[in-house]
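Listed below are the residues making up each chain.
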Amino acid sequence: MTEPVANKTRKRTIENWETVSVTPLPIGWANAYEMTGEDEGTTMYVPCPALLLQELRSVTHCTDWLAEDGSRNWTTTSDENLAPPYSTRVEPADFSDMGVRAASDTSNYLCTLFRPHFFQEV
């Protein structure tokens with residue numbers, strides 16, 4: 001017999017990276033994204049405006065409480081502020097509605113590469 005799923009939990013941690021510095025990139029750098037839907041299998045290239053220096057300032061601990069059928073019933077969270085020295089990373093930027101964000105935060109992001117001839121004016 002299988003044990004009922006009621007009262008089971010699933011734990012996960014979300015890293016909260018904060019951008020502390022932005023370094024602009026020259027023309028020619030591009031982010032590559034894998035297309036889905038009608039364009040599945042093709043790659044879209046968009047200019048990469050900058051590199052973002054980010055620090056891991058906090059993490060969010062999540063506990064998903066599962067219903068009997070295994071679906072998430074509710075989630076509890078707690079935030080943990082981290083102390084310096086912070087872990088750092090450099091991420092390629094992409095444009096968003098309010099400025100720039102890490103391109104790798106997009107699920108279909110593939111890589112960032114230099115394509116100088118791709119962006120030349122004709």
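Calculation notes
- Residues numbered from 1 in each chain as written.
- Predicted model: local features only at pLDDT ≥ 70, side-chain atom pairs only at ≥ 80, totals over all residues.
- Heavy atoms only, no water.
- Salt bridge = Lys/Arg side-chain N within 4 Å of Asp/Glu carboxyl O.
- Helix = DSSP H or I, 4+ residues; strand = E, 2+ residues; numbered from the N terminus.
- Pairing = 2+ DSSP bridges.
- Axes fitted to C-alpha atoms, helices over the stretch in contact; angles between N-to-C directions.

Novice: How do you make sense of the pattern of salt bridges when you look at a structure like this?
Specialist: Any two side chains of opposite charge can pair, on the condition that their charged atoms come close. Counted by the stated rule, this structure contains five salt bridges. Note that Asp64 is salt-bridged to Arg10, the shortest N-O span being 3.3 Å. Taken together, the positions of Asp64 in strand S4 (residues 50–66) and Arg10 in strand S1 (residues 9–24) put the pair 54 residues apart, joining distant regions of the chain. With its nearest N and O atoms 2.9 Å apart, the salt bridge here joins Arg12 to Asp64.

Novice: Before we go on, may I ask you to explain the sheet that holds strand S3 (residues 43–47) in this structure?
Specialist: Pairing between sheet strands relies on hydrogen bonds along the backbone, with the strands arranged either parallel or antiparallel. Taken in spatial order, the three strands line up as S3-S2-S8 in an open sheet, and their pairing is antiparallel. Looking at strand neighbours, the two that pair on one side only are S3 and strand S8 (109–114), the edges of this open sheet. Neighbour-to-neighbour, the strand axes of this sheet turn through a mean angle of 30°, independent of strand direction. Of the pairings in the sheet, the one linking strand S2 (residues 29–34) to S3 comprises five bridges and is antiparallel in character. The partner of Glu34 across the bridge, within S3, is Thr43.

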